[in-house]
Amino acid sequence: MRVHVADHPLITHKLSVLRDKNTPSPVFRQLTEELVTLLAYEATRNVRTEQVEIETPVTTTTGLAIARPRPLVVPILRAGLGMLEGMTKLLPTAEVGFLGMARNEVTFEPTTYAERLPEDLSDRQCFVLDPMLATGGSLGAAIDFIFQRGAQDVTAICILGAPEGLAAIEKQVGDRDVTLVLGSLDERLDERGYIVPGLGDAGDRLYGTVD
């Protein structure tokens, strides 16, 4: 597994505002979108392209276009939805699928409650969006699910990660082709399974608490 922790002052600045508990939801959502676009730039370095012939106002030349089949972007519901706009702004021709996964707050194990993905993902580059890589349960289950549909390579984009989650994903994916792009690798998990220093519950901060 390849791991890339983004190192850019704009990413660090936006992360600092996201971490602040006093940042309101509208600002949090806007900064998340901007931050994901920056992370998506790193995550799509190896996106597949094909040569195309184009005419400029001066001459004919050869350029590049995103290859078919088009990349598939898969946000993990619900917090991953907050990352979708930032990803598709950079990759507007991508198709979008959805995975609904929830974490059991006692066992920390994920359960899948909804999915909307093509049955056959062979030859598709898949980009999974999940804000927080904490224990690695939800992201690992999502990666397994996508590979079971025939995907050959998966890139996961997370705003924050913890060492425990990173180690769990590395162990789980084995020799499969997985790339992980993080905005920051934080210190640790606390006893509740939250990332420290982290930024709290990304879903609640994006959309508010659902009672």
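Residues numbered from 1 in each chain as written. Predicted model: local features only at pLDDT ≥ 70, side-chain atom pairs only at ≥ 80, totals over all residues. Heavy atoms only, no water.

**Observations concerning the overall build of the protein**
Assigned secondary structure in the protein consists of six helices and 13 strands. Taken over the C-alpha trace, the protein has a radius of gyration of 17 Å; the compact-globule value for 211 residues is 17 Å, and the two agree within 12%. For the protein, the spread of C-alpha atoms along the principal axes amounts to about 60 × 35 × 30 Å. Among the 211 residues that make up the protein, the fraction classed as buried is 46%. By sequence separation, contacts in the protein at least 24 residues apart represent 69% of the contacts at least 6 residues apart. Across the protein, 20 positive and 30 negative side-chain charges occur, with their mean positions spaced 3 Å apart. (Helix = DSSP H or I, 4+ residues; strand = E, 2+ residues; numbered from the N terminus. Rg over C-alpha atoms; globule rule 2.2 N^0.38 Å. Buried < 20%, exposed > 50% of the residue type's maximum accessible area, 1.4 Å probe, protein only. Contact = heavy atoms within 4.5 Å. Lys, Arg positive; Asp, Glu negative; His and termini not counted. Charge placed at Lys NZ, Arg CZ, Asp CG, Glu CD.)

**Regarding the pattern of salt bridges**
Evaluated as defined, the whole model comprises 13 salt bridges. Linking Asp153 and Arg48 is a salt bridge whose minimum nitrogen-to-oxygen distance equals 2.7 Å. Of this pair, Asp153 sits in strand 10 (residues 153-161) while Arg48 sits in the loop between helix 2 (25-43) and strand 2 (49-55), placing them 105 residues apart in sequence. The exposure class of Asp153 is buried, given its relative accessible area of 11%. Each of the salt bridges in this network shares a partner with another, and the network as a whole consists of Arg70, Glu95 and Arg124. (Salt bridge = Lys/Arg side-chain N within 4 Å of Asp/Glu carboxyl O.)

**Re the UniProt feature "binding site: uracil" (unreviewed entry) in the protein**
Mapped onto this numbering, the UniProt entry annotates "binding site: uracil" (unreviewed entry) at Ile195, Gly200, Asp201 and Ala202. Following the sequence through the fold, Gly200 ends up in the loop between strand 13 (195-196) and helix 6 (202-207). For Gly200, a relative accessible area of 36% gives the class partly exposed. Excluding residues within four positions of it along the chain, Gly200 makes contact with Met132 and Tyr194. Inspection of the secondary structure assignment puts Ala202 in helix 6. In this structure Ala202 comes out as buried when scored by relative accessible area, which is 6%. The residues touching Ala202, leaving out its near neighbours within four places in the chain, are Phe28, Ala79, Pro131 and Met132. (UniProt positions renumbered as here; feature names shortened; annotations may be inferred.)

**Remarks on helix 5 (residues 163-173)**
Among the residues of helix 5, those classed as buried are Gly165, Leu166, Ile169 and Val173. Seen end-on, helix 5 carries its buried residues on one side only, within an arc spanning 100 degrees. Buried residues along helix 5 sit against strand 1 (2-5), strand 9 (132-133), helix 4 (137-148) and strand 11 (177-185). (Arc of directions from axis to C-beta.)

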